Amino acid sequence: MRTASSRETSLITNTIFSLLSWFLPIIIGFVATPLIVGKLGNRDYGLYAILLGFISYSFTFGIGRVLTKYIAEFRASGENERIGEVVSATFWFSLAIALVGVSLVAIAAKLIVADVLSLPPDQTRIGEIGLYLACAAIIATMLSQIFQFILQGLHRFRNFLILTNIAGVLLNAGNIVLAISGFGIVALLTWNFIAIFIMAGAFGLDALRHLPEFSLRLNLRSKEWPAVLRYGSNIILYQLFGNVLLAFERGWIVRKFGPESATFYIIPMTLAIYLHGIISSSILVIFPLVNELLTERERLIGLYEKATKMMIALIFFLSVILIFGGKALLYVWISPEMAEKSYPILVVHTLTFALIASMMIVWQLAEGFRRPVFNSIATFVSMAVAIPLMIVSAERWNIAGIAASRLIGVVVTLPLLFIIEKFCLGSTRSRFWVGILWKIGIASAVTAAGLTGYFYLFEPKYVIVFIGFALAGILFLLALAATGFFTTDERDMIWKIVFKR
């Protein structure tokens, strides 16, 4: 059994590995996006982004997350003999759901393109082929996710870091070459499928090497099936609600305003999703640890509060960067037109995905305690509120109304944070939240004022923008130190891990 000290060391070390797994792909994605937008044009890029989003958010569902929970839980309890059965059940359940989903999409491809997206005639055929390629990529993504979740359950975050960075380089480098060479949407989506399939094999080989209990026997009488079905079904539900919202949102934009408007909506959303992705990668390490500490409430509370402090600090800093430096970033990254039209959308998206990210640890608590139904309720409420608002607000406020509708849908779910805390930790952590929010609020206000003054004085250029962000980081850390946000022990631990590992 690991000691509390070793768990804290593991937490910080693996958090660093998880964060690094996003940095290189984001950097290459930053290079790739303006190139692809420039080569395809705003109109075709809007269609490409919608089809790419379909691959990422449709029928993959992340059911393999069941494995992260049970591998960590069974290893901690010494029930290794159950791991093979739960791997088998999860794999076949995930594959069945993905096959059913993509079959329905393939059958309905013409209907989706003509009636849901209402694409113009010259984009109809491209849209159909793109959906077929997306279906193939979904199957490859499902396989890749299974093996990625196995590595996370085994705490193999170093391996996860290396392979994720290779995947990011492979995918985006291929996209850059294809875009520069003049290829279009179909070629880019074909390369997405090939890259995902290659990396699924790489993740699979590494997972098999570290999990001797791996098994793919189709034993429908296994006692693990009921738990996998219950747990996996709730994951499907909350992913499904989120995916319905995303599909409606993007489809509604294309129907009402055309693919070009989708570009001005999706580009700023991409930046906000980067924020969300950085946060999610930084707390990947929490989920297996939660499942190891289900019977040790005091240690679990300590883990929750330490992880939440780190997460909230990162969320506030990234939000300040995007809200107060986002217009300059869009200006130099894409174009002055993008900065003018998309900056208000970026502000709303940043708030939306920052709030979603702030819920991620309590969502992991709910899943760890086998109550993913809380997460299903949250995503259902968000969807049920946002979609009607999108229909009403689009007429008057265009894509800004659609973005605001998504934000409102998230805001109404925030009380669930305290409900889940009460259920999983025995009490709400209201004093803890008050204690960190006033400190982080001061640091954020100081940084926002500094960024505002900086960009008022200097004309946006790449070097100016990134120097400004670096100075903002230093200012933010100094302000956190002045408020005493991190304790002496936490500062010493982070310092030691960063410079020794």
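Residues numbered from 1 in each chain as written. Predicted model: local features only at pLDDT ≥ 70, side-chain atom pairs only at ≥ 80, totals over all residues. Heavy atoms only, no water.

What follows deals with helix α2 (residues 65–77). Look at α2: 19 Å from first C-alpha to last across 13 residues, which is about the 18 Å you get at 1.5 Å a residue. Taken across its 13 residues, α2 has 10 buried, putting it largely inside the fold. Every buried residue of α2 is listed here: Arg65, Val66, Leu67, Thr68, Lys69, Tyr70, Ile71, Ala72, Glu73 and Phe74. Gly78, located one to two residues past α2, shows a positive phi value of around 80 degrees. (Helix = DSSP H or I, 4+ residues; strand = E, 2+ residues; numbered from the N terminus. Expected span 1.5 Å × (residues − 1). Buried < 20%, exposed > 50% of the residue type's maximum accessible area, 1.4 Å probe, protein only.)

This part takes up the side chain of Ser444. As for its position among the elements, Ser444 is in helix α16 (residues 430–457). According to the relative accessible area criterion, Ser444 is buried, its value standing at 8%. Ignoring any residue separated from it by four or fewer positions in sequence, one finds Ser444 in contact with Phe316, Val320 and Phe476. (Contact = heavy atoms within 4.5 Å.)

It is worth spelling out the confidence of the model for the chain at this point. Looking at the chain, the pLDDT average stands at 83 and 89% of residues meet or exceed 70. Per-element averaging of pLDDT across the chain places helix α18 (residues 488–500) at the bottom with 58 and helix α12 (residues 336–358) at the top with 94. When the criterion is pLDDT under 50, residues 1–5 qualifies, and its contacts beyond four places in sequence or with other chains add up to nine contacts. Here residues 497–501 is a poorly scored stretch, pLDDT under 50, and it has eight contacts once near neighbours within four places are set aside; other chains count. (pLDDT = per-residue confidence, 0-100.)

The topology assignment puts Ile139 in helix α5 (residues 121–153). The class of Ile139 is buried, set by a relative accessible area of 19%. C-alpha of Ile139 to C-alpha of Leu99: the two residues are 40 residues apart in sequence and 7.3 Å apart in space.

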